[in-house]
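Here is what each chain is made of, one letter per residue.
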2 protein chains.
Amino acid sequence: MIEGVHVRADEDPADIAWKLVAVNLSDLAAKGAMPVGVLLTHSLGPGDERFVEGLQEVLSNYDVPLLGGDTVRGTGARAWSCTAIGRTDFAAVPARSGARPGDAVYVTGSLGLAMLGMAEAERNSGSAADLAYRRPRPLLAEGRALAPIVNAMMDVSDGLLLDAFRIAQASRVTFDLDSATFPVADPERILACVTWGDDYQLVFTAAPDRQLPVAARRIGTVTGPDSAALRVDREIPDLARLGFEH
Amino acid sequence: MIEGVHVRADEDPADIAWKLVAVNLSDLAAKGAMPVGVLLTHSLGPGDERFVEGLQEVLSNYDVPLLGGDTVRGTGARAWSCTAIGRTDFAAVPARSGARPGDAVYVTGSLGLAMLGMAEAERNSGSAADLAYRRPRPLLAEGRALAPIVNAMMDVSDGLLLDAFRIAQASRVTFDLDSATFPVADPERILACVTWGDDYQLVFTAAPDRQLPVAARRIGTVTGPDSAALRVDREIPDLARLGFEH
């Protein structure tokens, strides 16, 4: 994460630490993995005490040890890096490439909440949107419950459409999505909600008759493969602009 | 590693990639660990093809897989981060804190070579010093051979004196070092050679009657503890300036 790119220059360092760890745990969640620990690189600078506070909060909240890492002192924009290590106790870890024609496409939770939180005029309001932006929650339990029954899974870090597109492309299939079913935080701005990242919900495919162990909304069907990896029943901008490419 | 801090702004990106991975493998070497793989964060920018070339060279040279990571695009100074994962097949991994009074203190190889390489007028001369600076070699085999017989071990990344000081401090003992025995690349500049980092040799302590499985120079004895963690038979600057603190 880079200051000015992934976090605001005036972000509370405690929130930076939380997000740094949480988004990496979210990647473990998408593989149904249990965290073993994290390692992180921290750019020293103003607010280091707050960074450590946020770090302690997120680590104790998810009962994850800090295994190691490094501190550096640089010039210019600060940067943070985190590696999360996890393990699974089942053989088939969900890949991006496992979606099969006939699968149903699902997504958990609500999309666009982090976007609304970032745009809130009042900082640190403690609203659901504010917390979604500042303190994203990796869906570790949900990922573990889903992993054995899904065919493909990712966390939504770069926007639903872009991440769905990536699964479809890796699986060499087509996703036919029905925008009326998208679970969005702001129905007036569907497209913004599904092209904005930072929600850390789980998008996955499974056989349509599979019972789901967690709440999720069905948003489409896997077909194809044909000429497009992603098909949505409304005008969408160029695929390259589907989400936040970085 | 940060551009302008740990690597020159005009460094060949292939050398940056090599060093990024090699210095992390060197940390595994100091624990006697075999590499399982690396994960890295790369700041995209000019010379990315060269970066990938250097990455392939170092990974194939040490037969280490790239397990994952991330790419980011920022502004200002670029930064790179690497996590190396290793495993050992013995129980007692050498710690910093294991040095015991009566131990002999040893260091492998020659110190200051990377410093001379960085100062060479001709870039990429291919000399031993140039390669020590641009293409440091993690002592994986040496570390594995030494790990079962040492009481404490570190790689020399921040200068012999600073890293020896750290072992002594963590072990709550005193290191009595004899500067006449320091294996330095430039005898005219002993202090520079033992306070400059980037050599990635191994400094360790072991019982003095232990047979060593690799070539190493004895540079002193563990005593104390007394008032000082490090004692050298010559004037040395303030301990805080013993090496490159970053």
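Residues numbered from 1 in each chain as written. Chains lettered and ligands numbered in written order. Predicted model: local features only at pLDDT ≥ 70, side-chain atom pairs only at ≥ 80, totals over all residues. Heavy atoms only, no water.

- Per an unreviewed UniProt entry, the recorded name for chain A is Thiamine-monophosphate kinase, and the organism is Tsuneonella dongtanensis.

## A few points about the UniProt feature "domain: PurM-like N-terminal" (unreviewed entry) in chain A
Okay, step 1: Residues given the UniProt feature "domain: PurM-like N-terminal" (unreviewed entry) here are residues 2-87 of chain A.
Okay, step 2: With 36% helix and 29% strand, residues 2-87 of chain A has end C-alpha atoms that lie 28 Å from one another. (UniProt positions renumbered as here; feature names shortened; annotations may be inferred. Helix = DSSP H or I, 4+ residues; strand = E, 2+ residues; numbered from the N terminus.)

## A word on the packing of helix α1 (residues 13-30) of chain B against helix α2 (residues 48-61) of chain B
All names here are of chain B.
Okay, step 1: With their axes 6 Å apart at the nearest point, α1 and α2 run at an angle of 35° to one another. Both α1 and α2 take part in a crossing whose hand is right-handed. Facing α1, whose interface residues are P13, A14, I16, A17, W18, L20, V21 and A22, α2 presents R50, F51, G54, L55, E57, V58, L59 and N61.
Okay, step 2: Taken together, the residues that form the contact of α1 with α2 break down as twelve nonpolar, two polar and two charged. (Axes fitted to C-alpha atoms, helices over the stretch in contact; angles between N-to-C directions. Left-handed = near helix turned anticlockwise from the far one by under 90°. Contact = heavy atoms within 4.5 Å. Nonpolar A, V, L, I, M, F, W, Y, C, P; charged D, E, K, R; others polar.)

## Some thoughts on the relation of the copies chain B and chain A
Okay, step 1: For the match of chain B to chain A, the screw axis carries a shift of 0.0 Å, the RMSD comes to 0.0 Å, and the turn is 180°. Here the symmetry operator amounts to a two-fold rotation axis.
Okay, step 2: The fraction of interface residues of chain B whose copies in chain A are also interface residues reaches 100%, indicating that both copies meet through the same surface. (Least-squares fit on C-alpha atoms with pLDDT ≥ 70 in both.)

## A short note on the layout of surface pockets
Okay, step 1: Estimates place the volume of the second largest pocket at around 1500 Å³.
Okay, step 2: Along the walls of the second largest pocket sit 49 residues, with A:V23, A:N24, A:D27, A:S157 and B:D70 positioned nearest its centre.
Okay, step 3: Looking at the lining of the second largest pocket, the elements that each hand over two or more residues are α1 (13-29), β3 (80-87), β5 (152-155) and α6 (160-171) of chain A together with β1 (34-43), β2 (66-72) and β3 (80-87) of chain B. (1 Å grid on protein atoms, 1.4 Å probe; cavity = no way out; pocket = protein on both sides within 12 Å on 5 of 7 lines; lining within 4 Å. Points joined across faces, edges and corners; volume = space filled by probe spheres on them.)

## A few points about the side chain of A:S81
Okay, step 1: Turning to its location among the elements, A:S81 is positioned in strand β3.
Okay, step 2: Polar side-chain contacts of A:S81 include one of 3.5 Å to the side chain of B:S81. (Polar contact = N/O pair within 3.5 Å; in protein donor to acceptor, adjacent residues only side chain to side chain.)

## Points about the UniProt feature "domain: PurM-like C-terminal" (unreviewed entry) in chain A
Okay, step 1: Following the UniProt record, the feature "domain: PurM-like C-terminal" (unreviewed entry) maps to residues 100-206 of chain A here.
Okay, step 2: Measuring from the first to the last C-alpha atom of residues 100-206 of chain A gives 8 Å, for a span that is 36% helix and 16% strand.

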